[in-house]
Each structure stands twice: as structure tokens, then as C-alpha cells.
2 protein chains.
Amino acid sequence: MTRGYHHGDLRAALVRASLDLLAEGGPGAFSVAQVARRLGVSTAAPYRHFPDREHLLSAVAATAARDLAAEVTAAADAAGTDPVDRFAAAGAAYLRFAVRTGAGFLVIFSAELSEVDDQERTAATRALMSGWIDLVTATGDRPMQDSLHLIEEQIALAQGYTALYTQGFFHRSSVPVDEIADRVALGSRRLITGDASAP
Amino acid sequence: MTRGYHHGDLRAALVRASLDLLAEGGPGAFSVAQVARRLGVSTAAPYRHFPDREHLLSAVAATAARDLAAEVTAAADAAGTDPVDRFAAAGAAYLRFAVRTGAGFLVIFSAELSEVDDQERTAATRALMSGWIDLVTATGDRPMQDSLHLIEEQIALAQGYTALYTQGFFHRSSVPVDEIADRVALGSRRLITGDASAP
DNA sequence: GTCTATATATTGATAGAC
DNA sequence: GTCTATCAATATATAGAC
């Protein structure tokens, strides 16, 4: 084991390495010790930057929330100006992000983080949801609770496909992730328009 | 630690106790040692009935598949004779089962089981999917691939809601599981009919 | 701020007594 | 068929040297 002194921003490096672990092996692959090992530092080093495992995971969730918000916004903008197109693109972007990074809503809103006081994370998650609400309200005036339900249903659909895809229900080699992303986009569209007609 | 000789069908008891663990703490709560502890037997005892951890999980998956198939069938029958009603009831039944037991498709079709040779499990999963295909084909003639896609989308939706619900995205105390089940039923209905009109 | 070393717990799995 | 005892890994976390 080549282990040396880490020079630079170890705190940020720990978060990035944690995200890499999640991407490669899912939630079960994450451990403080494994993250340290990957960076070539001692297993004690992370505890200089985070009081415990949960606070590291909270920082990971904050970063994931910011990254996801950026990708969803970019995908919506790339889809043009039609609100339904933008909402559908957001759903597809969520699926791609969650499959690629392993850090979707289940990491960002994980129940074990709910009691971790971390303003960075709460700010990031609030911004994420706020942007998403904007996307859905642009498609039409409706009670706020209806908007929230639409988002919940879209996320449930996208997260469900993500789980089935990453956990091997699909023959992953023969079904490209873009095909699943298209199904999420179509489902999202149907949520708004009430039917299954293509764009 | 009160530990004694187990009298009776330890094999079946191990499977039941495993399901209890999954129900209480999700996949992360399962371990061979914990299952043994719960039954008051030594950690070596399970290895007399299963060669390793994965074969125990495979037996758990087989039982879950049989139980789920029975509940889905019962829910469809209770919904009457209209094929759309029956399909929607199946989706709601899946959500209730997965929330209550922690053993949905992610356990039954877990990737780590794909290389475990277990005829009981493969027979149970085949029967489960076969019954589900019957439910969707009863709603109308369509290419088999379309039927499979409808099931996948329904399961993705239901599994996504299950994950969001069990992992704490919803304020679990204030949202009853039946309300989420109704949303899955409505979404399932929309998959078939192409719109969001209630029954 | 990072190291080495350590304490403690838990895991999956095996050997051998009964 | 179940037990006790044990092994090698791995985990979270801490104490004290540098």
C-alpha cells in the first residue's frame, strides 16, 4: 500500500472519491475506510474533515444535489422553450444522472441524513426542488399540491427505472441507457398532456 | 445471549426471519449472522442448510416471488372482471407488498442472484411474470414487446414510489401507504387507457 | 493535518466436539 | 444438525506521535 501525505483539498477530494464509489458500486460500496484507501490516505484522515460518516455523506448529498440541478437545468434549456419538452427532458436527465453517478434522490434525500444538520445540503436540496417546481409550473397553472404530485410521480418513474436498470432487472448490455431515458421522457410527457402521443 | 437448540424446520425459519429483517431495515439490514441471532441459533447453523449467503438470499427471493404473485392475483380478483381495473389493482398490490415486506423486484431479481442456480427461485419468478403478462394482455391485443414495456413501466413507477416512501422522501407519518397505492393504481390505469380519467 | 497504532464490533465462513 | 470456538476481513472511530 503506497500511502503518502495528501497535499491539496482533502475535504473536496473525499467527496469526489465518495461519489466515484457510489457510481461504481452503489450505496453498499461506500465506506469511510474505502474512500480513504482510494485517496491513499490513512483511515483516520477523513475524521479531521468530517466528524463522522454521516457528515461526509451529507456533503456528498449536497454536491450531488448541485450537480443534478445543473444537469437538469442544462437538459431543459437544450430542449428549447416548450414547457412540456423541458419537463420531459428533465426526467430523462434525471435518469441519466442517477444511472451514471449512483447518487439520485435516494442519496440526496436519504432518511439517515434527515437529522444531520448541514446548511450546505439543505440549501442545495431546496434549490434543486425549487428549480424542478419551476419546470412543472411552466407547463400550466394548477394548485401547488398538484405540481408536487406531478414531480413525485416523475421522480418515482425515473427512480424506479434507475433501480431496475442498475440492479440488473434489464439485460444491461442489450438495453442502452438512452432507451430507458426516452421512456422516462415519454412517461413525463404523458403526465402533463394526459396521453401518450409523441412530441 | 440465550441460545438454544432449534427444534423444527430451521431452513424455513431462516427464510422467514430473513424476510422480517428485510421488512424492518431494508437490504442493508440483512446478514447471515443477524438472521441466526434473531432465531437464537449459532451463526454456523445456517450453513448447514445453505452453502453460503447467496443461496439463502435465493430462497428468500423464491418465497417473496410466490407471496407477491399470490397477493397480486388476489388483488386483481378482488377488483372484479374489468381488465383495466385488475391491472391497476395489481400495481397497487405491488406497492403495498414492497413497502410492507421490503422484498420487491429488487430482491427477487437481484443481480447478485443471477448466477445462483436455484430451480425453486427460477420457477417462482417465471410464474410471477407469467401471471403479470396475463393481466396486461387481458387489457387488449398488442405485440408482446409492448406488453413487456407496459409491465416494466408499471413496476418502475411502483418500485420508484416504494423507494421514495421507504427511504424517507415522503413525510412517512403524514402520507398513508394507501394514498401512494392509489397513485400507482391511477398511473397504471393511465398506462393502458392513455389518459388520466378516474374509473 | 496527517500519520501509526489501536480498540471494538460485525461480517462470512470453517473445524471439530457432541 | 447444532454447538463452541476461531479465522481473516472490514467497519467506525479515537489517542497520541510528528
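Residues numbered from 1 in each chain as written. Chains lettered and ligands numbered in written order. Predicted model: local features only at pLDDT ≥ 70, side-chain atom pairs only at ≥ 80, totals over all residues. Heavy atoms only, no water.

- If you check an unreviewed UniProt entry, chain A appears there as AcrR family transcriptional regulator from Catenuloplanes nepalensis.

1. Concerning the interface of chain B and chain A
Now for step 1: Contact with chain B, which involves 27 residues of that partner, is made by 28 residues of chain A.
Now for step 2: Buried surface at the junction of chain B and chain A, both sides included, amounts to about 2,300 Å², of which 65% is carbon and sulfur.
Now for step 3: Where chain B touches chain A, the interface holds 4 salt bridges.
Now for step 4: One salt bridge connects Glu153 of chain B with Arg190 of chain A, and the closest N-O pair in it is separated by 2.2 Å.
Now for step 5: Summed over the shared surface of chain B and chain A, the number is 8 residue pairs in polar contact (both at pLDDT 80 or more).
Now for step 6: Mapped onto the side of chain B that touches chain A, the elements with two or more residues apiece are helix H5 (105-108), helix H7 (144-166) and helix H8 (177-193) of chain B.
Now for step 7: Of the residues forming the side of chain B that touches chain A, the biggest block, 10 residues, is contributed by H7 of chain B. (Contact = heavy atoms within 4.5 Å. Buried area = accessible area lost by both parts, 1.4 Å probe. Salt bridge = Lys/Arg side-chain N within 4 Å of Asp/Glu carboxyl O. Polar contact = N/O pair within 3.5 Å; in protein donor to acceptor, adjacent residues only side chain to side chain. Helix = DSSP H or I, 4+ residues; strand = E, 2+ residues; numbered from the N terminus.)

2. A look at the relation of the copies chain B and chain A
Now for step 1: In screw terms, the move from chain B to chain A is a rotation of 179 degrees and a rise of 0.0 Å along the axis, fitting with an RMSD of 0.1 Å. What we have between these two chains is a two-fold relation.
Now for step 2: Residue by residue, 100% of the interface of chain B is reproduced at the interface of chain A, so both copies engage with the same surface. (Least-squares fit on C-alpha atoms with pLDDT ≥ 70 in both.)

3. Things to note about the packing of helix H8 (residues 144-166) of chain A against H7 of chain B
Now for step 1: One way to put it is that H8 of chain A packs onto H7 of chain B with a least axis distance of 6 Å and a crossing angle of 110 degrees. In terms of orientation, H8 of chain A and H7 of chain B fall into the roughly perpendicular class. Together, His149, Glu152, Glu153, Ile155, Ala156, Leu157, Gly160, Tyr161 and Leu164 of chain A of H8 of chain A and His149, Glu152, Glu153, Ile155, Ala156, Leu157, Gly160, Tyr161 and Leu164 of chain B of H7 of chain B make up the contact between the two elements.
Now for step 2: Taken together, the residues that form the contact of H8 of chain A with H7 of chain B break down as 10 nonpolar, 4 polar and 4 charged. (Axes fitted to C-alpha atoms, helices over the stretch in contact; angles between N-to-C directions. Parallel < 35°, antiparallel > 145°, perpendicular 65-115°, else oblique. Nonpolar A, V, L, I, M, F, W, Y, C, P; charged D, E, K, R; others polar.)

4. Remarks on the UniProt feature "domain: HTH tetR-type" (unreviewed entry) in chain A
Now for step 1: As recorded in UniProt, the feature "domain: HTH tetR-type" (unreviewed entry) lies at residues 8-68 of chain A.
Now for step 2: Taken end to end, residues 8-68 of chain A comprises 72% helix and 0% strand; its first and last C-alpha atoms sit 26 Å apart. (UniProt positions renumbered as here; feature names shortened; annotations may be inferred.)

5. Looking at the UniProt feature "DNA-binding region" (unreviewed entry) in chain A
Now for step 1: UniProt annotation of "DNA-binding region" (unreviewed entry) refers to residues 31-50 of chain A when read in the numbering used here.
Now for step 2: Overall, residues 31-50 of chain A shows 60% helix and 0% strand. The separation of its end C-alpha atoms is 13 Å.

6. Digging into the nonpolar core
Now for step 1: Leu68, Phe105 and Trp132 of chain A together with Leu68, Phe105 and Trp132 of chain B are the most contacted members of the largest nonpolar core, which has 130 residues in total.
Now for step 2: With residues up to four places along the chain from it excluded, the contact list for Phe105 of chain B reads Leu164 and Phe169 of chain A together with Leu68, Tyr94, Ser110, Leu128, Met129, Trp132, Ile155 and Gln159 of chain B. (Core = buried A, V, L, I, M, F, W, Y, C linked by side-chain atoms within 4.5 Å. Buried < 20%, exposed > 50% of the residue type's maximum accessible area, 1.4 Å probe, protein only.)

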